[in-house]
Amino acid sequence: MYGKMKDDLRNTLKELKKQGLYKTERIITSAQGAEITLQTGETALNFCANNYLGLASHPEIVKASQDIMNDWGFGLSSVRFICGTQQIHKELEKKVSEFLGTEDTILYCAAFDANGGVFEPLLGEDSAIISDELNHASIIDGVRLCKAQRFRYRHSNMEELEKCLQDSQSAKYRIVVTDGVFSMDGDICKLPEIVELCEKYDALVMVDDSHATGYIGDSGRGTAEHFGLMGRIDIITTTFGKAMGGGNGGCTSGRAEIIEMLRQRSRPYLFSNTLAPATVGATMKAIEMLSASSDLQHKVMQNANRFRSQMEAAGFDLVKGDTAIVPVMIYDEPMAIRFADELLKEGVYVIGFVFPVVPRGKARIRVQLSAAHTFEQVDKTVEAFIKVGKNLELI
Ligand SMILES: *Cc1c(COP(=O)(O)O)cnc(C)c1O
């Protein structure tokens, strides 16, 4: 049997390569950080990690995860409801709730699982989910796993959102779901308008704050804090795999009864292993560090602002925004790939994003700043962009 499938797979893989859609993985031979080592032995400044606060290899985070393992072991070999709930899992849930200003929190092994398991237990076919067209793949998959009616509005288009809310009035429950920060454009959702519309039309609000938790908002509590809307979001999902240490794990946080029901019915929670103690310890330490000081949040935004202003002055076309994601528009697909390759030769590691990850003709290099970057490293990266941009006659 496999012979047939093997031929098909080989052909499809060949086709992907031909279309330039085949993903190769660059192998890193060091820890994650502002500067990384590649397999060639060369070092590069890393500007494509979600390591917004520079916690991925921070000594305090590493130590916290080592220390907690000494007392609580490596793993639990169990799901939460059998024998996989340690006191530290409850402590982390409490700390996340305090940090996000919510009533309760349920942990998952990934934000992908949080989104995969949030809709089906809460919404049946008599309900409706209204979703921004650029929402993360895990939201789309979560929606697919439930029987609720589906509505979609064009990215951050509030007239279309209102139309969806009008068209779904017969539904028993409605929920509007949006990414807090959108990963490809680095823009923040229009949360004040969304909350206002949801109040007007009696719908719930859900925000996936994976690209925001830890550094958006004055003390890093995310999109709701940024807009002064803490306590008014019904459901927040987020990851610990980006700003919050970059390991893995995620959660759903919000109204007490919703979280209680998820513990009863959410399939990725019920049928997947508990979060490993090392991750729990590191995430608790990250929250503790962020609660004690906002220095890292300020540093990453200073770096982002510095990079933005220098790049604009040099004549690059950036997508405007207030986050640490700075898309440098190249438009042409092969040129974006080439630009990134040339930057690597200058010691700067970034990725060119092309169709189908972004729309056709909107190819870009997505630069992500980190609190781990020094001003010197940011400036060096701008210089490399200018050099390559001039060589390729883009500026
Ligand atoms: C990264 C991301 C996820 C997935 O997070 P994991 O914890 O790695 O599964 C989910 N939603 C959004 C918006 C993301 O950016």
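It should be emphasised that the depicted structure is a prediction, and the values quoted were computed from it without experimental measurement.

**A word on the sheet that holds strand 13 (residues 363-368)**
Strand order in the open sheet formed by three strands is 10-13-12, and the pairing between neighbours is antiparallel. The outermost strands of the open sheet, each flanked by one partner alone, are strand 10 (325-331) and strand 12 (351-353). Strand-to-strand twist of the sheet, defined as the mean angle between neighbouring strand axes without regard to direction, takes the value 30°. Bridging between strand 10 and strand 13 involves six bridges; their strand directions are antiparallel. If you follow Val-328 over to strand 13, its bridge partner there is Ile-365. Packing against the sheet, helix 13 (residues 295-313) makes contact with strand 10 and strand 13, and its axis sits at approximately 25° to strand 10.

**What about the site of the ligand?**
Residues in close proximity to the ligand total 13 residues, the closest being Ala-111, Asp-208, His-211, Thr-239 and Lys-242. A distance of 2.9 Å separates an oxygen atom of the ligand from a polar atom in the backbone of Phe-112. Measuring from a nitrogen atom of the ligand, one finds a side-chain N or O atom of Ser-210 at 3.4 Å. In isolation the ligand has 380 Å² of accessible area, and contact with the protein removes 83% of it. Looking at which element gives the most residues to the shell around the ligand, the answer is helix 5 (residues 111-116), with three residues. Grouping the constituent residues of the shell around the ligand by class yields three nonpolar, seven polar and three charged.

**Structural notes on the domain arrangement of the protein chain**
Under the domain assignment used here, the protein chain contains domain 1 (22-51 + 294-391) and domain 2 (59-292). The interface is formed by 20 residues belonging to domain 1 together with 18 residues belonging to domain 2. Counting the surface domain 1 buries against domain 2, the share from its top three residues, Asn-50, Gln-297 and Thr-323, is 35%. In this assembly, domain 1 and domain 2 are joined by one salt bridge. The salt bridge partner of Asp-185 is Arg-364, with a shortest N-O separation of 2.5 Å. Remark: the boundary between domain 1 and domain 2 carries seven residue pairs in polar contact (both at pLDDT 80 or more). Elements supplying a minimum of two residues to the side of domain 1 that touches domain 2: helix 13, strand 10 and strand 13. At five residues, helix 13 tops the list of elements feeding residues into the side of domain 1 that touches domain 2. Residue composition of the side of domain 1 that touches domain 2, by class: 10 nonpolar, seven polar and three charged.

**A few points about the side chain of Asp-132**
Residue placement: Asp-132 occurs in strand 4 (residues 128-132). We note that Asp-132 is buried and unpaired, the nearest opposite charge coming from Arg-152 at a distance of 8.4 Å. Residue contacts for Asp-132: discarding those within four places in its chain leaves Arg-152, Tyr-153, Arg-154, His-155, Ser-156, Val-177, Thr-178 and Phe-182.

**A short note on the nonpolar core**
One finds Phe-307, Val-328, Ile-365, Val-367, Leu-369 and Phe-385 to be the most contacted residues of the largest nonpolar core, which totals 86 residues. Counting residues per element, this core draws most heavily on helix 12 (residues 277-292), which supplies seven residues. Domain assignment of the residues forming this core places at least three in each of domain 1 (22-51 + 294-391) and domain 2 (59-292). Non-local contacts of Val-367, meaning those with residues more than four positions away in its chain, are made with Phe-47, Phe-307, Ala-324, Ile-325, Val-326, Val-328, Val-350 and Phe-385.

**Some details on the packing of aromatic side chains**
Tallied over the entire structure, the rule returns six aromatic pairs. Plain terms: the ring middles of Phe-316 and Phe-385 are 5.8 Å apart, the flat faces sit at 85° to each other, and that makes the pair edge-to-face. Separated by 69 residues along the polypeptide, Phe-316 in the loop between helix 13 and strand 10 and Phe-385 in helix 15 (residues 375-391) bring together distant segments of the chain. The interplanar angle of 35° and the centroid separation of 5.6 Å between the aromatic rings of Phe-339 and Phe-385 together place this pair among those described as tilted. Here the residue Phe-339 occupies a position in helix 14 (residues 333-345), and Phe-385 occupies one in helix 15, the gap between them amounting to 46 residues. Assigned by exposure class, Phe-339 and Phe-385 land together as buried. The aromatic ring of Tyr-22 is capped on one face by Lys-17, whose charged end is 4.6 Å from the ring centroid. Residue placement shows Arg-360 over the ring face of Phe-355; its charged tip is 3.9 Å from the ring centre.

The rules behind these values
- Residues numbered from 1 in each chain as written.
- Predicted model: local features only at pLDDT ≥ 70, side-chain atom pairs only at ≥ 80, totals over all residues.
- Heavy atoms only, no water.
- Pairing = 2+ DSSP bridges.
- Helix = DSSP H or I, 4+ residues; strand = E, 2+ residues; numbered from the N terminus.
- Axes fitted to C-alpha atoms, helices over the stretch in contact; angles between N-to-C directions.
- Contact = heavy atoms within 4.5 Å.
- Near = heavy atom within 4 Å.
- Polar contact = N/O pair within 3.5 Å; in protein donor to acceptor, adjacent residues only side chain to side chain.
- Areas by Shrake-Rupley, 256 points an atom, 1.4 Å probe, with all protein chains shown as cover.
- Nonpolar A, V, L, I, M, F, W, Y, C, P; charged D, E, K, R; others polar.
- Domains from an automatic or database assignment.
- Buried area = accessible area lost by both parts, 1.4 Å probe.
- Salt bridge = Lys/Arg side-chain N within 4 Å of Asp/Glu carboxyl O.
- Buried < 20%, exposed > 50% of the residue type's maximum accessible area, 1.4 Å probe, protein only.
- Lys, Arg positive; Asp, Glu negative; His and termini not counted.
- Core = buried A, V, L, I, M, F, W, Y, C linked by side-chain atoms within 4.5 Å.
- Phe/Tyr/Trp six-rings, centres within 6.5 Å; stacked < 30°, edge-to-face > 60°.
- Lys NZ or Arg CZ within 6 Å of the ring centre and 35° of its normal.

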